[in-house]
Structures are given as structure tokens and as C-alpha cells.
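These are the residues of each chain, in order.
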Amino acid sequence: CAAMNAPSTCNQQPWQFVVVRDRSLLAQVPAVHPYARMIVTASLAIVVCGDPATEKWPAFWVQDCAAATENLLVEAQYLGLGAVWRGVHPLVEREAGVRRIFGIPEAVVPFAIVVVGYPADTKLAAERYDPARVHRDRW
């Protein structure tokens, strides 16, 4: 629900979601995504996909799916869960592997995998604010 409440260009909502709990499917992911090893022990994963065929404004599906993914991460944190965003798009080999594992149609683009579980520890948020990157009125 949180993901589908994300902002979307002209409300086009070009997203589709695959919620995965099947351990045998999750176990296949590290072979196609080297940074998703934690998925093997996670409670579930959500594959965020873009459906370019539903777009009213071409090429904005990426921004819309990014907003949906961020909403998933925020909601997971709110619920006391741990979640991590693992990028798939635009790496063609990752897209193909994820598409194969989860049976995603060829016309739909696997955008990201959100791995969800219970965190083993709590980390303090990193301070990333850099005032040198903020410009006022003009560059």
C-alpha cells in the first residue's frame, strides 16, 4: 500500500510488484545479483517492476518506481523492519536474471529488489548533509 501511495508522474502509476516468500526463489537471487546475499535469510523480498506500456509520459517510469521503492523502505522502518534497496535496472544482465527467476514478462522491467527482514542490529543514521551541495537561487 505504501509503495502505491508514492507520487507518480501524472498519476500514471507504471509499477507492478512481486512479493516473494518462496525460499527456493530467494536463494537463486545472489547468482544474478552479487550484492543481494542477505536475501537468502530475509523474511521476504519485493521486486519492484516498471511497466512502460502503461506510461502516459515515456521514460518517467524510472522516477515513479524509485519513489515507490523509497516509500517501501520508509514503511518498513516505520514497522520496525529492516529493508535494503538492491538496484536491478539499468543493468541488463541483472534484469534478465531477475526476470527469469520470478517469471516477469519481457515487456516489464525489473527495477529493484527490496529485501525485507528483521534487523540483527541497529545502526545510527550516517550524517550525509553537505552544505556545499546546496545552491540558493542560482548555482
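Residues numbered from 1 in each chain as written. Predicted model: local features only at pLDDT ≥ 70, side-chain atom pairs only at ≥ 80, totals over all residues. Heavy atoms only, no water.

A. The overall build of the chain, seen in detail. Counting its secondary structure elements, the chain contains three helices and four strands. For the chain, the succession of helices and strands along the chain, N to C, is β-α-β-α-β-α-β. A principal-axis box enclosing the C-alpha atoms of the chain has dimensions of 50 × 40 × 30 Å. The burial tally for the chain puts 38% of its 139 residues in the buried class. Considering only contacts in the chain between residues 6 or more positions apart, those separated by 24 or more positions represent 71%. (Helix = DSSP H or I, 4+ residues; strand = E, 2+ residues; numbered from the N terminus. Buried < 20%, exposed > 50% of the residue type's maximum accessible area, 1.4 Å probe, protein only. Contact = heavy atoms within 4.5 Å.)

B. How the structure looks around the state of the cysteines. As enumerated under the stated definition, the model contains zero disulfides in all. We note that Cys10 lacks a disulfide partner, and the nearest cysteine sulfur, in Cys65, lies 15 Å from it. Sulfur of Cys65: no disulfide; nearest cysteine sulfur belongs to Cys49 and is 7.8 Å away. Look at Cys65 and you get buried, because its relative accessible area is 0%. (Disulfide = S-S within 2.5 Å.)

C. Summary view of the environment of Gly97. As for its placement among the helices and strands, Gly97 is situated in helix H3 (residues 92–102). The exposure class of Gly97 is buried, given its relative accessible area of 6%. Gly97 sits 45 residues away from Pro52 along the chain, and the two C-alpha atoms are 19 Å apart.

D. Representation of the nonpolar core. Within the largest apolar cluster, 18 residues are counted, with the highest numbers of intra-cluster contacts made by Val29, Ile39, Val47, Val98, Phe102, Ile104 and Ile113. For this core, the secondary-structure elements that each account for two or more residues are strand S2 (44–50), H3 and strand S4 (109–117). Once residues within four sequence positions are removed from consideration, Val47 is found in contact with Gln16, Phe17, Val18, Val20, Val98, Phe102, Ile104, Ala112 and Ile113. Listed in part, the 17 residues of the second largest apolar core include Cys65, Ala67, Ala68 and Val109. (Core = buried A, V, L, I, M, F, W, Y, C linked by side-chain atoms within 4.5 Å.)

E. Inspection of the pattern of salt bridges at higher detail. If you walk through the whole model with that rule in mind, you get two salt bridges. Residues Arg99 and Glu106 are paired through a salt bridge, measuring 3.8 Å at the closest nitrogen-oxygen approach. Given the relative accessible area of 11%, Arg99 is considered buried. Accessibility expressed as a relative area gives 65% for Glu106, which makes it exposed. Salt-bridge contacts for Asp130 lead to Arg133; the nearest nitrogen and oxygen are separated by 3.6 Å. What makes Arg133 exposed here is its relative accessible area of 68%. (Salt bridge = Lys/Arg side-chain N within 4 Å of Asp/Glu carboxyl O.)

F. Layout of helix H2 (residues 61–78). Along its 18 residues, H2 runs 26 Å from first to last C-alpha, staying within 8% of the 26 Å computed at 1.5 Å per residue. Turning to H2, its buried residues number three or more, namely Trp61, Asp64, Cys65, Ala67, Ala68, Thr69, Leu72, Leu73 and Ala76. Where H2 is buried, its residues meet strand S1 (15–20), S2, strand S3 (82–87) and S4. Just downstream of H2 lies Gly80, where phi reads positive at about 80°. (Expected span 1.5 Å × (residues − 1).)

G. Expanded view of the sheet that holds S3. On the basis of which strands lie adjacent, the open sheet formed by four strands has the order S1-S2-S4-S3 and antiparallel pairing. Single-partner strands in this sheet number two, and they are S1 and S3. Ignoring which end each strand starts from, the neighbouring axes of this sheet average 20° apart. (Pairing = 2+ DSSP bridges. Axes fitted to C-alpha atoms, helices over the stretch in contact; angles between N-to-C directions.)

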